[in-house]
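Tertiary structure, described
Each chain is listed here by its residues.
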Amino acid sequence: MNNVELTQSFVLHARPFKETSLILELFTLDHGRCNVLARGVRGNKKNHKRALLQPFQPLVVSWVGRSDLKTLKDFEASSQSYPLLGIPSLSGLYMNELMLKLLIQWDPHPDIYHSYQSALLRLSQQETPSIVLREFELALIEELGYGIDWQCDIQGEMIEPELDYGFIPQKGFVLLPQAPKGSLKTQGKHIIAIAEHDWQQTGSLALARKVCRTLIDPLVGYKELNSRKLLQQTLAIQS
């Protein structure tokens, strides 16, 4: 994988390197997450393309190099940037940080790429950010192999809307009398609503948030995600 020509990509994160360069964390359709060195793009007022190297801007990029850190060869916008501001922007940054923490380099996940692009589009169209984030988290967890069954309990029995269940992390739902003490408790109707992405069902969105948090936290080593903390603080101020 020495040279790559024009692969679809998003910038997840950028950090300065020496005086004039950037190290970019990219998420690409064909190669997954990868690092590239963008030489000479900082402080060069004549380089008008530098403004494209921002989050939420669809790109096509090419690179060269033999090491894991490739050198950016060329890049251009593949379409207009997704105009995210406020809570939608913080939601997008949370998705970026989540992928930086959970995806390993050079491991393609085209389904996650398309889910991410769809989420950015929905956020730019002013869809409810909490719904967009929960559906992205669920898709990400499922694609990485950590998903749970939202239609059957851990015994293989169909979830019944009128029954009460407890959630066992990494396993799924179990009828309440069998649930460990202190486990997350919910009604079957809320579990079914999440399976159907029926967010009009009161309580389904809150349950999805709690379950996703329970599944994601051990995957990131129980470390606080800066973007999630900032998003929660901003939501608290607005409410």
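Coordinates for the structure precede this section.
On a predicted model such as this, the values are computed, not experimentally measured, just so you know.

Direction vectors running N to C along helix α2 (residues 110-124) and helix α3 (residues 129-143) enclose 180°, while the axes themselves pass 10 Å from each other. The orientation of α2 with respect to α3, classified from their angle, is roughly antiparallel. Where α2 abuts α3, its residues D111, I112, S115, Y116, A119, R122 and L123 lie against P129, I131, V132, E135, F136, A139, L140 and E143. A class-by-class count of the residues in the contact of α2 with α3 yields ten nonpolar, one polar and four charged.

Here we take up helix α5 (residues 204-219). Residue pairs three or four apart in sequence face the same way in an α-helix, which turns once every 3.6 residues. Across its 16 residues, α5 extends 23 Å between first and last C-alpha, which sits within 8% of the 22 Å expected from 1.5 Å per residue. Those residues of α5 lying buried are S204, L207, A208, V211, C212, L215, I216 and D217. Backbone geometry just after α5 places G221 at a positive phi near 70°.

Our next topic: the sheet that holds strand β6 (residues 164-168). Strand order in the open sheet made by the three strands is β7-β6-β8, with antiparallel pairing throughout. In this open sheet, the two edge strands, each paired with only one partner strand, are β7 (172-175) and β8 (184-187). Going from strand to strand, the sheet's axes swing by 40° on average, the running direction of each strand aside. Pairing geometry for β6 and β8, over four bridges, is antiparallel.

It is worth spelling out the pairing of β7 at this point. In this structure, β6 lies alongside β7, joined through four bridges in antiparallel fashion. Looking across to β7, one finds that G166 is bridged to V174.

Relative to the elements of secondary structure, L69 occurs in the loop between β4 (59-64) and β5 (70-77). Between the alpha carbons of L69 and N35 there is a distance of 5.4 Å; along the sequence they are 34 residues apart. In contact with L69, other than residues within four places in its own chain, are I23, N35, V36 and L37.

On to the packing of aromatic side chains, then. By the definition in use, this model includes nine aromatic pairs. Their ring planes at 90° and their centres at 5.2 Å tell us that F10 and Y116 sit as a pair that is edge-to-face. With F10 in strand β1 (residues 4-17) and Y116 in helix α2, the pair connects residues that are 106 residues apart, well separated along the chain. What makes Y116 buried here is its relative accessible area of 0%. Three or more aromatic residues joined by ring pairs make a cluster, and in this case those are F10, F27, Y82, Y113, Y116 and F136. The ring of F75 is capped by K49, whose NZ or CZ atom sits 4.6 Å from the centre of that ring.

Attention now moves to the pattern of salt bridges. Side-chain pairing between opposite charges can occur once the charged atoms of the two side chains come close. Counted by the stated rule, this structure contains eight salt bridges. Residues D74 and K49 are paired through a salt bridge, measuring 2.9 Å at the closest nitrogen-oxygen approach. With D74 in strand β5 and K49 in the loop between β3 (32-38) and β4, this pair connects stretches of sequence that are 25 residues apart. Classification of D74 as partly exposed rests on a relative accessible area of 33%. Residue classification places K49 among the partly exposed positions, given a relative accessible area of 32%. Overlapping salt bridges, with partners in common, bring together R122, E127 and E135 in one network.

Y116 and F173 are the most contacted members of the largest nonpolar core, which has 46 residues in total. Only β1, α1 (87-102), α2, α3, β6, α4 (188-195) and α5 provide two or more residues apiece to this core. What Y116 contacts, discounting residues up to four positions off in sequence, is F10, L12, F27, F56, M95, N96, M99 and F136. Core analysis: the second largest hydrophobic core is formed by 15 residues, V41, L59, V61 and L72 among them.

About the criteria used
- Within each chain, residues carry numbers counting from 1 in the order of the written sequence.
- Local features in a predicted model are, by the rule used here, given only for residues with pLDDT of at least 70; side-chain atom pairs are given and counted only at 80 or more, and totals for whole chains, interfaces and linings are based on all residues.
- Values shown for side chains rest on all heavy atoms present in the structure; no hydrogens or waters enter the calculation.
- Here, axes are lines fitted to C-alpha atoms. For helices the fit covers the stretch in contact, and angles between N-to-C directions go from 0 to 180 degrees.
- The way it works is that DSSP assigns letters per residue, a run of H or I at least four long becomes a helix, a run of E at least two long becomes a strand, and they are numbered from the N terminus.
- We call two directions roughly parallel when the angle between them is under 35 degrees, roughly antiparallel when it is over 145, roughly perpendicular when it lies between 65 and 115, and oblique otherwise.
- Only heavy atoms enter the contact rule, under which two residues are in contact if any of them lie within 4.5 Å.
- Charged means Asp, Glu, Lys or Arg here, nonpolar means Ala, Val, Leu, Ile, Met, Phe, Trp, Tyr, Cys or Pro, and polar covers whatever is left, Gly included.
- One less than the number of residues in a helix, times 1.5 Å, gives the span that helix is expected to have.
- Burial status follows relative accessibility: with a 1.4 Å probe on protein chains alone, a residue under 20% of its type maximum counts as buried, one over 50% as exposed, and anything between as partly exposed.
- Two strands qualify as a pair provided DSSP detects at least 2 bridges between them.
- In this scheme Phe, Tyr and Trp rings, the latter by its six-membered ring, pair at centre separations within 6.5 Å, and the angle between planes marks the pair as stacked below 30 degrees, edge-to-face above 60, and tilted otherwise.
- When the NZ atom of lysine or the CZ atom of arginine is within 6 Å of a ring's centre and also within 35 degrees of its normal, the charge is said to sit over that ring.
- A carboxyl oxygen of Asp or Glu within 4 Å of a side-chain nitrogen of Lys or Arg is what we treat as a salt bridge.
- Among buried residues, those of type Ala, Val, Leu, Ile, Met, Phe, Trp, Tyr and Cys that are joined through side-chain atoms within 4.5 Å constitute a nonpolar core.

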